[in-house]
Amino acid sequence: MKKSLFILAVVFATTLANAQITLEHTFNRGDLFLPNPVSEESIDEGLIIQRVILEKDVEIYYVYDAYTYDFIVEIPAPKYYEVYYISRGFFTDDETITYFVGDASSNGSDHLFIANTTGDIIYDFGTCLLGGGRIFKVGDTYKLAVVKTIDYDDYNSSVTEIYSLPGKGIMTDVDETPAPSRNARKYLHNDQVLIDSNESTYNMQGQHIR
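Here goes a summary of the coordinates provided. (Residues numbered from 1 in each chain as written. Predicted model: local features only at pLDDT ≥ 70, side-chain atom pairs only at ≥ 80, totals over all residues. Heavy atoms only, no water.)

## Some points on the sheet that holds strand β3 (residues 58–65)
Note the threshold: Only strands joined by at least two bridges in the DSSP assignment are considered to pair. Starting at the N terminus, helices and strands are each numbered in turn, a helix being any DSSP run of H or I of at least four residues and a strand any DSSP run of E of at least two. Interaxial angle, 0 to 180 degrees, is taken between N-to-C directions of lines fitted to C-alpha atoms, where a helix line uses only the stretch in contact.
Spatially, β2-β3-β4 is the arrangement adopted by the three strands of the open sheet, whose pairing is antiparallel. Lying at the two open borders of the sheet, with one neighbouring strand each, are β2 (47–55) and β4 (71–77). Here the strands of the sheet are splayed against their neighbours by 20° on average, with no regard to which way each runs. Here β2 runs beside β3; their pairing, made up of eight bridges, is antiparallel. Bridged to I53 within β3 is E59.

## Details of the packing of aromatic side chains
Operational definition: In this scheme Phe, Tyr and Trp rings, the latter by its six-membered ring, pair at centre separations within 6.5 Å, and the angle between planes marks the pair as stacked below 30 degrees, edge-to-face above 60, and tilted otherwise. Between buried and exposed lies partly exposed: a residue is buried under 20% and exposed over 50% of the maximum accessible area for its type, with that area taken using a 1.4 Å probe on protein chains only.
Under the counting rule described, the total for this entry stands at eight aromatic pairs. Aromatic side chains Y64 and F71 sit 5.8 Å apart centroid to centroid with 70° between the ring planes, which places their arrangement in the edge-to-face category. Arranged with centres 5.7 Å apart and planes meeting at 70°, the rings of Y123 and Y163 form a pair that is edge-to-face. Within this pair, whereas Y123 is found in strand β8 (residues 121–128), its partner Y163 is found in strand β11 (residues 159–164), the two being separated by 40 residues in sequence. Residue classification places Y123 among the buried positions, given a relative accessible area of 15%. The structure contains a cluster of three or more aromatic residues connected by ring pairs, namely Y84, F100, Y123, F125 and Y163.

Okay, structure coming up:
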């Protein structure tokens, strides 16, 4: 009985997590020109992303705090594995670092999904022959366009799925936010990483807490 309740709890939690990213519309055929596309390079102003090419088609991404230059995490990208939009606050509504993945390592097809740095899949978009994702903004809302090619010989088989995203991104105005010093002390408090510097406390985005 307890095992059954635990399984139901896990399923329920997974359903809630997946429900945060919601398919809103599907366009068949052709290319879409999206309003206000968000650049991969500037998606999160609080992070520095360093891409290192280890060998042909093998890359790794090192993630650093943009204010303290502290190393946060590394994201491996094996062969045929593409990583986009390393960020916080877009694919989830918290500060978890997540990213969009196009993995073509299995059966020659692209497997598209959102993952976090511990390898958990936040949302699975399924497989296609060729695919990718693009974040864009409508008003104050961010959305994700997932493009899928179903048949190489039939251009009209391509579809673009539009998903709503739960977050609005974590964008900090650096000009208005004092950055912690290089010798700041970092610690975990109530599941949030905080930084003590010069008798003040900041969060990982450089926002003054106290």
